[in-house]
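Overview (structure and organization)
Now for the letters of each chain:
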Amino acid sequence: MKEKEIDDIITIIRKIYGEGFIPLHAPLFVGNEKKYINECIDTTFVSSVGKFVDRIEEMMSEYTGAARCVACVNGTSALHVGLMMAGVRDGDLVLTQPVSFIATCNAISYCGASPLFIDVDRDTMGMSPEVLRQWLESNTHRTADGSLVENTTGRRIAACVPMHTFGIPCRIDEITEICTQYNIPLVEDAAESIGSFYKGKHTGTFGDIGCVSFNGNKTITTGGGGMILFRDKELGDRAKHLTTQAKVPHRWEFNHDMIGYNYRMPNINAALGCAQLENLERYVEAKRKVTARYADFFSRQSDIEFMTELPESRANYWFNTILLPGREERDEFLERTNDNGVMTRPLWTLMHRLPMFRDCLRSDLSNSEYLAERAVNIPSGVILDLK
Ligand SMILES: Cc1ncc(COP(=O)(O)O)c(C=O)c1O
């Protein structure tokens, strides 16, 4: 790749984000953040009790359309509990994609299950419904008790966890249809896609369960935090119980009716999140203006592909992504941009390449391999006053 070509990209990034070091995505606090956090400090309710936890759960229900939302300490714990509520148990297999952050596979592993990798579509970078259907048709059967099992191992297929990569919705309606047909619980990893909709429905609400992350690098943040979205209120209430040490409500007695988890989001984090949520739509609109600027620029670069949403979706464009012609060009690009104070990064190492998941079952993964060689994220933070 010619240095001039990379420098032209650096110039367009600097036109948007200005001089100095440019991070991939910095949080932005322009609303009621300080007011709400001060309220926590003034009232001393900074920890496991306080009104902001209820409020952020209600705000998320209203925004996403989920019947019940349960706030957690992070997106990973949200996924862990989401998978447990879907019925994932020791020895099970969970369908997911190799293009994801490690947390997806870690959460599956916490349940004692193993990931089973299904390839992604090149255009969405999310799970391919076509590959999923073909894989299920050729590699599974039903046992006498009605369980769907993998042919060679006899292990149960317990859930399907597609991920909306970098906030671009995958073909989630088709995946939902397949999961319904095979009776596989769908747990959407919507960690990166708060504010992303597919056919008018918020990501994470297509199946029974979805999970969102509010980590500091996400579109909006609670510092650290996550949310489980439930279609069924009662299932959500049970998850809440599990995330709060399974404590039986009582004014002074401490009784617990099962092994629970200390996964509740602290009030001070929820306070930050409530203020952030108030500005979510504004942030997503602002991010989409940055994306439009990039898309216009890259439409004139013949050898670079800029990743965009499917026509029927509204992506939050958490991280904007380009595809370079090959690995060599990718590495030259990463080197020169990072040397020049512009933060860029490649795709995660594919999950089946990591030592813990090397032996996991998988479909053909050529689209994932194609993307891993070429994809790079470029700065994508919220700019409210884009000129
Ligand atoms: C795809 C994906 N899943 C899960 C997580 C886990 O979220 P957290 O970092 O809040 O635990 C993240 C992000 O961090 C993510 O990108």
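All values derive from a computational prediction rather than experimental measurement.

For the rest of this paragraph, the subject is the sheet that holds strand 3 (residues 114–117). If you walk across this open sheet you meet the 3 strands as 3-2-6, and the pairing is parallel. Taken across any chain shown, the strands that pair with only one partner, and hence form the sheet edges, are strand 3 and strand 6 (157–161). With direction set aside, neighbouring strand axes in the sheet form an average angle of 30 degrees. Pairing of strand 2 (residues 93–96) with strand 3, which is carried by 4 bridges, proceeds in the parallel orientation.

What follows deals with the nonpolar core. In terms of nonpolar packing, the biggest core is built from 110 residues, with Val-94, Ala-159, Met-227, Ile-228 and Ala-271 touching the most fellow members. No other element matches helix 9 (residues 267–278), which puts 7 residues into this core. Residue-level mapping places this core at the junction of two domains, with at least three residues from each of domain 1 (3–29 + 280–378) and domain 2 (33–278). Setting aside chain neighbours within four positions, we find Ala-271 in contact with Tyr-36, Ile-37, Glu-39, Cys-40 and Phe-52.

Near the ligand, the surroundings consist of 15 residues, among which Asn-74, Gly-75, Thr-76, Ala-191 and Ser-213 are the closest. For the shell around the ligand, the elements supplying multiple residues, two or more each, are helix 4 (75–85) and helix 5 (102–110). The element best represented in the shell around the ligand is helix 4, accounting for 3 residues. For the shell around the ligand, the residue count by class is 5 nonpolar, 8 polar and 2 charged.

Calculation criteria
- Residues numbered from 1 in each chain as written.
- Predicted model: local features only at pLDDT ≥ 70, side-chain atom pairs only at ≥ 80, totals over all residues.
- Pairing = 2+ DSSP bridges.
- Helix = DSSP H or I, 4+ residues; strand = E, 2+ residues; numbered from the N terminus.
- Axes fitted to C-alpha atoms, helices over the stretch in contact; angles between N-to-C directions.
- Core = buried A, V, L, I, M, F, W, Y, C linked by C-beta atoms within 7 Å.
- Buried ≥ 20, exposed ≤ 12 C-beta atoms within 10 Å, placed from the backbone.
- Domains from an automatic or database assignment.
- Contact = placed C-beta atoms within 7 Å.
- Near = placed C-beta within 6 Å.
- Nonpolar A, V, L, I, M, F, W, Y, C, P; charged D, E, K, R; others polar.

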